[in-house]
Amino acid sequence: MEDRTIILQRELEQLRAQIAALERALQETPDYGLGRGDPAVTQWELDYALLQQLRERAANLERLLSDKSSYGICERCGEQIHPDRLAVLPDTRLCARCAREEKARVL
Ligand SMILES: [Zn+2]
């Protein structure tokens, strides 16, 4: 269990570095006054969308790390999440069965 939180912590640090780098890049806002379809605008938008994703992921990791007692426990059924699953998806909050059921529900 201990090594998992170290992995998460390292991932969170990497995410924070990526977020900081993206935030710096995004401060150079493209000039929207210039011709429509400027590729710089598209890249900016892509970067912005990526930043939102990274922030969400970082928030998710922070939540997991701040609540270590429930780490590795499925938040849906309360069962222990299989260690093999955690090894592949260290920030998952659902056991394999619940993840399948959630997916089936959404689709
Ligand atoms: Zn479950």
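All of the points below concern the structure found in this document. Predicted model only: the values in this text are computed from it and were never measured.

## Thoughts on the overall build of the protein
Helix and strand counts for the protein stand at four helices and zero strands. For the protein, the proportion of its 107 residues judged to be buried stands at 30%. In the protein, the share of contacts with a sequence separation of at least 24, taken over all contacts with a separation of at least 6, comes to 54%. As displayed, the protein has an accessible area near 7,700 Å², and 52% of this comes from carbon and sulfur atoms.

## Here's the deal with the layout of surface pockets
Estimates place the volume of the largest pocket at around 160 Å³. Taken together, Asn60, Arg63, Leu64, Asp67, Ser70, Gly72, Ile73, Glu75, Thr92 and Arg93 make up the lining of the largest pocket. Residue classes in the lining of the largest pocket are distributed as two nonpolar, four polar and four charged. When residues of the lining of the largest pocket are assigned to domains, at least three map to each of domain 1 (1-71) and domain 2 (72-107).

## A word on the coordination of the zinc ion
In the first shell of the zinc ion, the protein supplies Cys74 (SG), Cys77 (SG), Cys95 (SG) and Cys98 (SG), at 2.2 to 2.3 Å from the metal. Of note is the zinc ion, whose four donor atoms meet at the metal with angles of 104 to 115° in an arrangement that counts as tetrahedral. All donors of the zinc ion come from a single chain, and their spacing in sequence reads C-x2-C-x17-C-x2-C. In this pair, Cys77 sits in the loop between helix 2 (39-66) and helix 3 (83-88) while Cys95 sits in the loop between helix 3 and helix 4 (96-106), placing the two residues 18 residues apart along the sequence. The class for Cys77 is partly exposed, based on a relative accessible area of 32%.

## A few points about the packing of aromatic side chains
The geometry of two aromatic rings is summed up by the distance between their centres and the angle between their planes. Across all of its chains, the model carries one aromatic pair by this definition. Ring plane angle 5° and centroid distance 5.5 Å describe the contact between Trp44 and Tyr48, whose orientation is recorded as stacked. Taken as a pair, Trp44 and Tyr48 lie in helix 2 at a separation of four residues, close to a single helical turn.

## Observations concerning the environment of Gly78
Locating Gly78 in the fold gives a position in the loop between helix 2 and helix 3. On the accessibility criterion, Gly78 (46% relative accessible area) is partly exposed. Separated by 16 residues in the primary sequence, Gly78 and Leu94 place their C-alpha atoms 8.9 Å from one another.

## As for the nonpolar core
Counting residues in each nonpolar core, the largest one holds 20 residues, and the members touching the most others are Leu8, Leu61 and Cys74. Top contributing element to this core by residue count: helix 2, with seven residues. Counting contributing residues per domain, this core is built from domain 1 (1-71) and domain 2 (72-107), each supplying no fewer than three. Apart from residues no more than four positions distant in its own chain, Leu61 is found in contact with Leu8, Glu11, Leu12, Leu15 and Asp91.

## A few points about the pattern of salt bridges
The final tally for this structure, using the stated rule, is eight salt bridges. In this structure, Arg93 engages Glu75 in a salt bridge whose closest nitrogen and oxygen atoms are separated by 3.6 Å. You can see Arg93 sitting in the loop between helix 3 and helix 4 and its partner Glu75 sitting in the loop between helix 2 and helix 3, a full 18 residues away along the chain. Put simply, Arg76, Glu101, Glu102 and Arg105 are held in one network by salt bridges that share partners.

About the cut-offs
Residues numbered from 1 in each chain as written. Predicted model: local features only at pLDDT ≥ 70, side-chain atom pairs only at ≥ 80, totals over all residues. Heavy atoms only, no water. Helix = DSSP H or I, 4+ residues; strand = E, 2+ residues; numbered from the N terminus. Buried < 20%, exposed > 50% of the residue type's maximum accessible area, 1.4 Å probe, protein only. Contact = heavy atoms within 4.5 Å. Areas by Shrake-Rupley, 256 points an atom, 1.4 Å probe, with all protein chains shown as cover. 1 Å grid on protein atoms, 1.4 Å probe; cavity = no way out; pocket = protein on both sides within 12 Å on 5 of 7 lines; lining within 4 Å. Points joined across faces, edges and corners; volume = space filled by probe spheres on them. Nonpolar A, V, L, I, M, F, W, Y, C, P; charged D, E, K, R; others polar. Domains from an automatic or database assignment. Donors = N, O, S within 2.8 Å, 3.2 Å for Na, K, Ca; no water. Tetrahedral: all angles 85-135°; square planar, octahedral: opposite > 155°, others 65-115°. Phe/Tyr/Trp six-rings, centres within 6.5 Å; stacked < 30°, edge-to-face > 60°. Core = buried A, V, L, I, M, F, W, Y, C linked by side-chain atoms within 4.5 Å. Salt bridge = Lys/Arg side-chain N within 4 Å of Asp/Glu carboxyl O.

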